[in-house]
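Per-entry structural report
Now for the letters of each chain:
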Amino acid sequence: MSAAIVLLSTWLYQQTLAENQAPSEQPLQTIVNQEYRLRISATFDAGVDPFAEELAKAASLKVTYQGEELLVGNQPIPAGEVTEAEIDLELPTGRNEFLIEMSPSDSAALVPRAVHVQLFKGDGQQPLQTETLWAPPTDSLVVGTVGFEVKPSASNEQ
């Protein structure tokens, strides 16, 4: 009999807790239209990826966002040369990231490789994000992401 009372009390307690739980409110995710500017440079000469599955689609530099190609370069890029691109996007608020891929023209050279990426919002002078992507000497492609936050008020800021 006492076991039944304990079980009934436990059940009532759990029901009361479940009913009194406040629903977790997640902030609404809004879409912000914003212009970004990328500045990309590498410590190596970039060339068309010799290991690409389709050579017609091979690139020396590729920037994608959620699978959508934003920037594709299929010409050689000398080491140290800065590639700039302005990108106008509608992005959800919160965490976002660009995928950067750059192919060394001389994949046989056994030296570490780095790609320096700066992301600016609009025509701002201070980078929103700065990343250096590294690859060991044996990799034939330098690949990495540049993450950044999109704030709800981003459309009003510069």
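Above: the structure in question.
An account of the accompanying structure is given in this report.

About the thresholds
All chains use their own residue numbering, which begins from 1 and follows the written sequence. Whole-chain, interface and lining totals are the exception, using all residues; otherwise, since this is a predicted model, local features are given only for residues with pLDDT of at least 70 and side-chain atom pairs are given and counted only at 80 or more. Neither water nor hydrogens contribute to the side-chain values; these are computed over all heavy atoms in the structure. The helix and strand labels rest on DSSP assignments: H or I over at least four residues marks a helix, E over at least two residues marks a strand, and numbering proceeds from the N terminus. The contact rule is simple, with two residues in contact once any of their heavy atoms fall within 4.5 Å. Whenever a nitrogen or oxygen atom comes within 3.5 Å of another N or O atom, the pair is scored as a polar contact, on the condition that within protein one atom can donate a hydrogen and the other can accept it, and that pairs from neighbouring residues in sequence are kept only if both atoms are in side chains. In this analysis, strands are considered paired if DSSP registers two or more bridges between them. Here, axes are lines fitted to C-alpha atoms. For helices the fit covers the stretch in contact, and angles between N-to-C directions go from 0 to 180 degrees.

1. Section: the environment of Arg 39
Relative to the assigned elements, Arg 39 resides in strand 1 (residues 31-42). Leaving out residues up to four positions away in the same chain, Arg 39 has contacts with Val 82, Thr 83, Glu 84, His 116, Val 117, Gln 118 and Phe 120. A polar side-chain atom of Arg 39 sits 3.0 Å from a polar atom in the side chain of Glu 84.

2. Some details on the sheet that holds strand 5 (residues 94-102)
Within the open sheet, the four strands sit side by side as 3-2-5-8. Their pairing is antiparallel. At either end of the open sheet lies a strand with only one pairing partner, and these are strand 3 (68-73) and strand 8 (142-150). Pairwise comparison of adjacent strand axes, ignoring direction, gives a mean angle of 20 degrees for this sheet. Relative to strand 3, strand 2 (residues 61-65) runs antiparallel, the two sharing five bridges. Bridge pairing in strand 3 links Val 63 to Leu 71.

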